[in-house]
Amino acid sequence: MARRPLTAFTAVVFGAGWPVMSVPALTAHGLLPGGALPVEPFVLATLLLVMLPAAVGVTAVLDGRAGVRALLARTVRWRFGAGWWAAVGLGLPAVTLAAGLVSGRVLVLDDVGAVLAGAVLSAVGALLLVNLWEETVWAGFLQTRLRQSSGPWRAALLTGVAFAGIHVPLQFTDGATAGSALAGVGVLLGAGVLVRALAGAVLTGTGGSVLAVAVLHASSNASNSEDELVDRLLSGGSPLPLALAATVVLTAVLVAVQRRR
């Protein structure tokens, strides 16, 4: 682990995480008893019982208790500029909505107050329960260490591949075909790399704040997922293509702003 820490981390995450994440697919297809099961408990178990301990454990081996304290301190680092708070919290939903309007979609303002309130509650809940700890693993541990050895863009690529990879078993749940699973993996890979590039720009701009990337992750889910904020505010179906375009635009803007300073 000390000699090849990232290899050890990857082996633990995929070696132990994939079997846990595969349970809903295996039960859905009759390979294990239980029938159709919700995926959320298995995703959360993989995160809290496999991925987070692996990241903390490798950090402890490499950097000792001081390294673990530093990692966890970055998880709650909130002191960065108001502009960055606006970028990570509102940037993706706003740019995605703008892209939708430019493409000809229209705003759906029925019960907009309830929609916004529900989106905020959903995002805060996801942030505290999942995104903060997920980004401690991806942004705080893996992407940060890859940036140190490989540079920001290669780190984004490799972290995006790992992020997509751990979610592969979820593409084989009830109703999946070989074609739909392959398409799902492709979307995961493309979206993962794009979001990790944006996360890298946020890490640089906020002094390595994992909290900032976790807020970004929550706002990304609100932008690209069906029945989430942007989907409920825009007509015309899934917002995912718009959200991916918005991710590219926002990344370019944040990188340009940092280069001008």
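Here the residue numbers are simple positions, counted from 1 along each chain's written sequence. Only residues with pLDDT of at least 70 are given local features in this predicted model, and only at 80 or more are side-chain atom pairs given and counted; all residues enter the totals for whole chains, interfaces and linings. Computation of side-chain values covers all heavy atoms of the structure but excludes hydrogens and water.

Participant: So what exactly am I meant to see when it comes to helix α8 (residues 210-224) here?
Facilitator: Note that an α-helix has 3.6 residues per turn; residues three or four places apart therefore point the same way. For helices the rule is a DSSP run of H or I covering at least 4 residues; for strands it is a run of E covering at least 2, with both sets numbered from the N terminus onward. Given a helix with a known number of residues, its expected span is that number minus one, times 1.5 Å. For α8, built from 15 residues, the straight-helix expectation of 21 Å at 1.5 Å per residue is met to within 8% by its first-to-last C-alpha distance of 21 Å. Burial classes follow relative accessibility: with a 1.4 Å probe on protein chains only, a residue under 20% of its type's maximum area counts as buried, one over 50% as exposed, and anything between as partly exposed. Burial runs high along α8: 13 of the 15 residues are buried. For the purposes of these results, a polar contact is taken to be a pair of N or O atoms within 3.5 Å, where, inside protein, one atom must be able to donate a hydrogen and its partner to accept one; residues adjacent in sequence count only when each atom of the pair is a side-chain atom. Its side-chain oxygen at 3.4 Å from the backbone nitrogen of L211, S209 defines the N-terminal cap of α8.

Participant: It is not clear to me how the packing of aromatic side chains should be interpreted in this structure. Could you clarify?
Facilitator: Note on aromatic pairs: each is described by the distance of the centres and the angle between the planes. Ring pairs shown here join Phe, Tyr and Trp side chains whose ring centres sit within 6.5 Å, with only the six-membered ring taken for Trp; geometry is labelled stacked below 30 degrees between planes, edge-to-face above 60, and tilted in between. Inspection of every chain in the model, using the stated rule, returns four aromatic pairs. Between W138 and F163, the aromatic rings sit 6.0 Å apart at their centres with planes inclined by 75°, giving edge-to-face as the arrangement. Pair noted here: W138 is in helix α5 (residues 112-150) and F163 is in helix α6 (residues 152-166), with a separation of 25 residues, a long-range link. Note on W138: relative accessible area 1%, which makes it buried.

Participant: What's the story with the environment of L194 in this structure? I'm lost.
Facilitator: Structurally, L194 is set in helix α7 (residues 178-205). When sequence neighbours within four positions are dropped, the list of residues in contact with L194 reads L244, T247, V248 and T251. We call two residues in contact when some of their heavy atoms are within 4.5 Å.

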